[in-house]
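# Chains, contacts and geometry: an overview
Residues per chain are reported as follows:
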Amino acid sequence: MVLGLNDDVVMMNEHARQLLDPRDQSVLIGRITDVVARRRATTLMMELPSGTWARVHCRTVATERATDGAVAHVRFVEAPRPRHADTALTRLPLPGIVGSGTLWTRACREVDAAAQAGEWVILRGEPGVGKTALARAVCQRHDPSAWFSVVDGHNTTVREWGTLLRHELSRSRGTLVVRHVDRIDPYRLHVLASACQAAEAGGRRDLPWVVLTLSADDKPLGPLMRYFPRCIEVPPLRHHIDDLHQIVPFLLVKLTRGGQLACSPQAMQALLRTSWPGNIEQVRQVLRKVIQVRPAGTIMVGDLPPECHTVTRRVLGAMEAIERDAIVQSLLSADGNRTLAARALGMSRATIYRRIRQYGIEIPAPSV
């Protein structure tokens, strides 16, 4: 099987299209993207969301564009024998942060380097990817006793906004995170730029480290770019989905305050298949729900909420989520039997099949 990509195009041969599950394709594309970022060939063993193991050889390919592309040759292989050392969490040198994906660790290193240089930065990424958590971890690493403050202009009155910014920027030896800059109106952006200008004009050497976070790519920041010349991309979870093997146990320890709760291999496979449009924050909220029904022991597939039985990347509306949850619960109660689930919900078989495709619902086949 052969896959190739650059910034604009993703290609695969017919053999790959026939054998690779769409979820497996998505994970492989994320790994190939990592290779482009590292600009060197690599061979790795990886477990795909479908549960299949594959050996993947990736290499970069020079193109006429400024950025390179990459090609991967994929072959299915037998699962490797488990090793006890593999169960240890891979921890980054940042407190409260785990993960080993290339794009994720690169973002961590770049943010850490900016903090060491005292360079004000913009962190851009989808909601829930961990932008504020990353800034907090960097602050704690370099000076655990320093203050850390988060302000949100979207939820602050116009009168409070200017006063709050001037107060925070007058402090020293700490970190100020201004969240949701893409939601701030032009007037508040002007006030923020003026506050940054006044802080720099004071000539102080002990200015706080300032971080802006935003989700939108096309938000015009105008004069703010003068004070934040560097923008660091924080990748979505789907681009380092294998890190769930480390993220889930790490969050379980925090949420249970050290309690004995583990995730079964089958439940982990379901989590790896989930698209996670809400990223790491969505994982945290899902585990909170799981703990309510399984406070200790081993998390099984049936303990997972309905959203973990779907693969759609679209964020559902309130009514769609209610319908999706009802269908998932009925399918689980009916042991995956679509006819029984449709009858319990008072809908036709055609309707339930259509909704299953629409919401990307995946339930194991009925027991024999």
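Scroll up to find the structure.
First, a word on scope: everything that follows refers to the structure included in this document.

With that out of the way, let us pick up the packing of aromatic side chains. Per the counting criterion, the structure on display carries one aromatic pair. Residue placement shows R171 over the ring face of W147; its charged tip is 3.9 Å from the ring centre.

We now examine the nonpolar core. For soluble globular proteins, the rule of thumb is that nonpolar side chains tend to be buried together. In this structure, V178, L212, L224 and F228 are the most contacted members of the largest nonpolar core, which totals 45 residues. At the level of elements, α3 (102-116), β6 (121-124), α4 (131-142), β7 (147-152), α5 (158-170), β8 (174-179), α6 (186-201) and β9 (209-214) are the ones that each hand at least two residues to this core. Once residues lying within four places of it in the same chain are set aside, the contact partners of L212 are V121, I122, L123, V178, V181, L192, L224 and F228. Residues I241, L244, A267 and V283 belong to the second largest nonpolar core, which totals 43 residues.

One non-glycine residue, W276, lies in the positive phi region at around 55°. Its location among the elements puts W276 in the loop between α8 (265-273) and α9 (279-293). For W276, a relative accessible area of 1% puts it in the buried group. Positioned with a positive phi, N279 is a non-glycine residue whose angle comes to about 60°. Judged by relative accessible area, N279 falls into the buried class, the value being 0%.

The next subject is the sheet that holds strand β4 (residues 53-61). Read across the sheet, five strands follow the order β2-β1-β5-β4-β3 without closing on themselves; strand pairing throughout is antiparallel. On the outer flanks of this sheet lie β2 (10-12) and β3 (42-47), each paired with one strand and no other. In this sheet, adjacent strand axes meet at a mean angle of 20° when their direction is disregarded. Where β4 lies against strand β5 (residues 69-77), nine bridges are found, and the strand directions are antiparallel. Within β5, the position partnered with R59 by the bridge is V71.

Right, let's talk about the pattern of salt bridges for a bit. Here the structure, examined in full by the defined rule, presents 13 salt bridges. With a closest N to O distance of 2.4 Å, E233 and R124 form a salt bridge. Here E233, found in strand β10 (residues 230-233), pairs with R124, found in strand β6; they are 109 residues apart in sequence, far enough to count as distant. Accessibility expressed as a relative area gives 41% for E233, which makes it partly exposed. In this structure, the salt-bridge partner of R284 is E281, at a minimum N-O distance of 3.4 Å. With R284 and E281 both in helix α9 and three residues apart, the pair spans about one turn of that helix.

Each value, and the rule that gives it
Counting from 1, residues in each chain are numbered in the order their sequence is written. Per-residue local features are limited, in this predicted model, to residues with pLDDT of at least 70; the limit for side-chain atom pairs, both in listing and counting, is 80 or more; totals at the level of whole chains, interfaces and linings are taken over all residues. Based on all heavy atoms of the structure, the side-chain values leave hydrogens and waters out of the count. When two rings of Phe, Tyr or Trp (its six-membered ring) have centres within 6.5 Å they constitute a pair, described as stacked for plane angles under 30 degrees, edge-to-face for angles over 60, and tilted for the intermediate range. Only lysine NZ and arginine CZ atoms are considered, and such an atom sits over a ring when it is within 6 Å of the ring centre and within 35 degrees of the ring normal. Throughout, nonpolar core names a set of buried Ala, Val, Leu, Ile, Met, Phe, Trp, Tyr and Cys residues whose side chains join them through atoms within 4.5 Å. Here the term buried applies to any residue with accessible area under 20% of the maximum for its type, exposed to any over 50%, and partly exposed to those in between, with areas from a 1.4 Å probe on protein chains only. Where helices and strands are cited, they refer to DSSP runs of H or I of at least four residues and of E of at least two residues respectively, numbered from the N terminus. We call two residues in contact when some of their heavy atoms are within 4.5 Å. Strand pairing is assigned whenever DSSP identifies at least 2 bridges connecting the two strands. Only the stretch in contact is used when fitting a helix axis, every axis being a line fitted to C-alpha atoms; angles between N-to-C directions are given from 0 to 180 degrees. Definition used for salt bridges: Asp or Glu carboxyl oxygen within 4 Å of a side-chain nitrogen of Lys or Arg.

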